[in-house]
Amino acid sequence: MAIGITQSRGLSQGELSQVPLVEILGYLYAQKKTGRLALTRGRQNKEIFFFDGVPIFATSSAPAENLFEVMAKFHKLTQEEALQLRALQKEKGLSPEDTLKSLGSLSDPEIYCFQMETFSQMVINACGWSDGHYQFQPDERLLDQVPMFDLSPLDLIYRGVKNYHALNLAQEIQQVQEKKVRIAHGWEQALALPRAFYQHSDILDLFDQETSVGESIPRLHHELGDLNEALLLLYMLLVTGLLAFSDQETPAAEPEVKPEPLPAKEPPAPVSTIYISTQRVRERIKAPTRTVASAEEIKKKAAEAQNVQRQTTEAEKRLEAMENHLSEAAGPFQVLAVEVGASPRDIQKACTLLRNRIRLDQMPLEVQQKLKERAAKLETKLDEVVQTVSHPEKRVAYEQEQFQEEKKKAWNIPLKKKLALQQWKQGQWYLDNVHPEFAPRYFEQAVELDPEQPLYYAYVGWATYRGRSRNLAEARAYLSQALNLNPLLDQAHYFLGLIAKREGDPDLAEHHFRKALESNPQHAQAKRELGLLASHQKQESLLGRLLGKTSSKK
């Protein structure tokens, strides 16, 4: 498996040991390819036909992968009936569906659904092939002789990975965790999430703005409650091109700047004298013989001493500058030079840059020994700052203390509105960074300061529902209040639609999503949810009901 195949220039043929079928499906879907994919392993042959990247038909030489056997698997036919139908098909030269129709016991929609499941099984089983050959032939004329079914490529990839490649996901995701990604343009027309992710489809809001793969994993894990499912969703979005890699590379940490050594000065020439006392001659004779340093060695030692002194001076200046910065900064965010809404990754990056300024490990040993205690104190203070900003409970305590001070100063309406906006933004930070339990407090404070702003009520309601208590009645009450203040508030309708979807009321969800779009035709999330709702209803069609009835009869 190799994430990033969707960015390759071409994919015509090769070995399945090098490129698994799940990634070939993702590539063809991302590139909207039309044609036929031929798969060969030993004596087994399969063909998958694509139209604009969507699988529409499949064939297989495996006897167990035919319509009658699939129906027998779901107990719609017995094994004996399946054998009889195969014999009848061969005898009269009929297609499998025409053979079933000749019996008159099944409706066309029922036959269609079992055909869909049969083709899906052919593809999913091939996802487990670890060897074999593939070849894609792009040609629209190849579709003239095959019927067209609407198979879901994302659902096929999901089931194929879950069945055969789940153990490799963490390793594959780790290789691209530093890369930036964003939802690709036009995704709302193509996206059809598997039903396993439908309830949490609003998590895709995370990718409306550029974010790194690694940063998205905790949020996905928190929402889905299962790390494997989170990785599977992320992988599926990546290989299908629905998440596009940014062209911009992740900025590297600033390199440590080492001071250039100044040219060493010539040592002063020794004062020569002709007169040498007898006493000194005797002392030299008695003293042990010592090697006289050459002029080059003297220059080198003098240069080293000057370099050590120079690096000591530079290091002292950097430490002093950091001490002044820590004492003058108004709070931990100013220390790190980041916005209040900075992501954990940005906070860590800012901390790394500050640590690099006080590092001594590249300095001469004499410099390290002289300044290590001073540097250690700065490291401790910096750790305290990072803990305050990064640890949710400590951050909340600090921010609430600052809020109470700012609230005392907000004596007029403009100042109160400004402080309310600040609290709303901070509440959004907790929602976006997997700590929804802390968000309601900030939104409630925004409401207290600016009670005429309906958007703040809407966020109180959504955060209340997202929190640990999941108080449905209270959440809906706040959202109703938001609509009382502004019946056209698109975000309130969007949140009510998400709540209805999660509570299992698709009709009410559709109503609110449409209301959100009526108020704001550019509301991309509401548009996406309506598309996903239609896709989900399609997935829960006749086959799901049919299998449910079959299970109840057993």
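I will try to describe carefully the structure that is included in this document. (Residues numbered from 1 in each chain as written. Predicted model: local features only at pLDDT ≥ 70, side-chain atom pairs only at ≥ 80, totals over all residues. Heavy atoms only, no water.)

## Remarks on the overall build of the chain
Stated precisely, the cut-off is as follows: Each helix is a run of DSSP H or I of at least 4 residues and each strand a run of E of at least 2, with the numbering of both proceeding from the N terminus. Three exposure classes are used, based on accessible area relative to the maximum for each residue type with a 1.4 Å probe and protein chains only: buried under 20%, partly exposed in between, and exposed over 50%. Here, residues are in contact when the closest pair of their heavy atoms is within 4.5 Å. All accessible areas in this document rest on Shrake-Rupley with a 1.4 Å probe, and a residue is counted as covered only by the protein chains that are shown.
A count of helical and extended segments in the chain gives 25 helices and 8 strands. Within the chain, buried positions represent 44% of all 554 residues. Residue pairs at least 24 apart in sequence account for 69% of intrachain contacts in the chain once pairs closer than 6 positions are excluded. Entry remark: accessible area of the chain is about 30,500 Å², with carbon and sulfur atoms responsible for 50%.

## Notes on the environment of Ala-350
One can find Ala-350 in helix α15 (residues 344–357). Spatially, the C-alpha atom of Ala-350 lies 9.6 Å from that of Val-386, the residues being 36 residues apart in sequence. Contacts of Ala-350, omitting those with residues within four sequence positions, involve Leu-336 and Val-338.

## Considerations on helix α1 (residues 21–31)
Summarising burial for α1: 9 of the 11 residues are buried, a large majority. Of all the positions in α1, only Leu-21, Val-22, Glu-23, Ile-24, Leu-25, Gly-26, Tyr-27, Leu-28 and Tyr-29 are classed as buried.

## A short note on helix α18 (residues 413–432)
Heads up, the rule is: Given the number of residues in a helix, its expected span is that number minus one, multiplied by 1.5 Å. Polar contact criterion, stated in full: a pair of N or O atoms within 3.5 Å, where within protein one must be able to donate a hydrogen and the other to accept it, and residues adjacent in sequence count only if both atoms are side-chain atoms.
Under the 1.5 Å per step criterion, the end-to-end length of α18 is 29 Å for 20 residues, consistent within 8% with the ideal 28 Å. Its side-chain oxygen at 2.9 Å from the backbone nitrogen of Leu-415, Asn-412 defines the N-terminal cap of α18.

## As for the pairing of strand β5 (residues 133–138)
Threshold: The rule for pairing is simple: two strands pair if DSSP sees at least two bridges between them.
Looking at chain direction, strand β1 (residues 13–15) and β5 are connected through 3 bridges and run antiparallel. Within β5, the position partnered with Glu-15 by the bridge is His-133. Across 6 bridges, strand β2 (residues 35–41) lies against β5 in antiparallel orientation. For Thr-40, the partnering residue across the bridge sits in β5 and is His-133.

## Concerning the pattern of salt bridges
Our working rule: The salt bridge criterion pairs a side-chain nitrogen of Lys or Arg with a carboxyl oxygen of Asp or Glu, the two atoms within 4 Å.
Taken as a whole and assessed by the stated rule, the structure comprises 24 salt bridges. A salt bridge links Arg-466 to Glu-223; the nearest nitrogen and oxygen atoms lie 2.3 Å apart. Of this pair, Arg-466 sits in helix α20 (residues 454–466) while Glu-223 sits in helix α10 (residues 213–224), and the two are 243 residues apart along the sequence. The pair Arg-466 / Glu-223 is uniform in exposure class, with both members buried. As a salt-bridge pair, Arg-528 and Glu-529 come within 2.8 Å of each other at their nearest N and O atoms. Each member of the pair, Arg-528 together with Glu-529, is buried.

## Some words on the packing of helix α3 (residues 79–92) against helix α4 (residues 96–103)
What counts is decided by this rule: Orientation is described by lines fitted to C-alpha atoms, with helices fitted over the stretch in contact, and by angles between N-to-C directions that extend from 0 to 180 degrees. Roughly parallel means an angle under 35 degrees; roughly antiparallel, over 145; roughly perpendicular, 65 to 115; everything else is oblique. Three categories are distinguished: nonpolar for Ala, Val, Leu, Ile, Met, Phe, Trp, Tyr, Cys and Pro, charged for Asp, Glu, Lys and Arg, and polar for the others, with Gly belonging to the last.
Following both chains from N to C, one finds α3 and α4 inclined at 110 degrees, their axes separated by 10 Å at the closest point. Considered as vectors, α3 and α4 are oriented roughly perpendicular to each other. Residues Leu-85, Leu-88 and Gln-89 of α3 form the contact with α4, whose own contacting residues are Pro-96, Thr-99, Leu-100, Ser-102 and Leu-103. Among the residues making up the contact of α3 with α4, the classes are represented as 5 nonpolar, 3 polar and no charged.

## Structural notes on unusual backbone geometry
Trans peptide bonds make up most of the peptide bonds, and negative phi angles are found at most residues other than glycine. In this model, Lys-32 sits at a positive phi of 55 degrees, which is unusual for a non-glycine residue. With respect to the secondary-structure elements, Lys-32 resides in the loop between α1 and β2. Within the chain, His-75 stands out as a residue other than glycine whose phi angle is a positive 60 degrees. Turning to its location among the elements, His-75 is positioned in the loop between α2 (67–73) and α3.

## Description of the side chain of Asp-490
So the rule is basically this: As used throughout, the charge tally considers Lys and Arg to be positive and Asp and Glu to be negative, leaving His and the chain termini uncounted.
Along the chain, Asp-490 falls in helix α22 (residues 490–502). One buried charged side chain, Asp-490, makes no salt bridge at all; its nearest oppositely charged neighbour is Lys-527, positioned 12 Å away. If we ignore the near neighbours within four places in the chain, the residues touching Asp-490 are Ala-516, Ser-519, Asn-520 and His-523.

## Things to note about the packing of aromatic side chains
Stated formally: Each Phe, Tyr or Trp ring (for Trp, its six-membered ring) is paired with any other whose centre lies within 6.5 Å, and the angle between the two planes then decides the class: stacked below 30 degrees, edge-to-face above 60, tilted in between. Remark: a charge is flagged as sitting over a ring if the NZ atom of Lys or the CZ atom of Arg is within 6 Å of the ring centre and within 35 degrees of the ring normal.
A full pass over the atoms with the stated rule returns 17 aromatic pairs. Summarising the aromatic geometry, the rings of Phe-49 and Phe-57 are spaced 6.0 Å apart at their centres and angled 40 degrees between planes, so their arrangement reads as tilted. Here Phe-49 matches Phe-57 in class, with each residue buried. Ring geometry for Tyr-494 and Phe-495: centres 5.9 Å apart, planes at 40 degrees, overall tilted. Here Tyr-494 falls in the buried class, since its relative accessible area comes to 1%. Of the residues examined, Phe-495 reaches a relative accessible area of 4% and is grouped as buried. Connected via pairs of aromatic rings, a cluster forms that spans Trp-424, Phe-443, Tyr-456, Tyr-459, Trp-462, Tyr-465, Tyr-494, Phe-495 and Phe-513. Positioned above the aromatic ring of Phe-245, the side-chain terminus of Lys-179 is 4.9 Å from the ring centre.

## Brief notes about the sheet that holds strand β4 (residues 54–60)
The strand order across the open sheet formed by 5 strands is β1-β5-β2-β3-β4, and the pairing between neighbours is antiparallel. The open sheet is flanked by β1 and β4, the only strands paired with a single partner. On average, each strand axis in the sheet is inclined to that of its neighbour by 15 degrees, with strand direction left out of account. Packed on one face of the sheet, α1 meets β2, β3 (44–51), β4 and β5 and runs near 170 degrees to β2.

## Side note on the pairing of β2
Sheet analysis places β2 next to β3, joined by 7 bridges and oriented antiparallel. For Ala-38, the partnering residue across the bridge sits in β3 and is Glu-47. Where β2 folds back onto β3 in an antiparallel hairpin, the turn is made up of 2 residues, including Gly-42, whose phi is positive at roughly 60 degrees.

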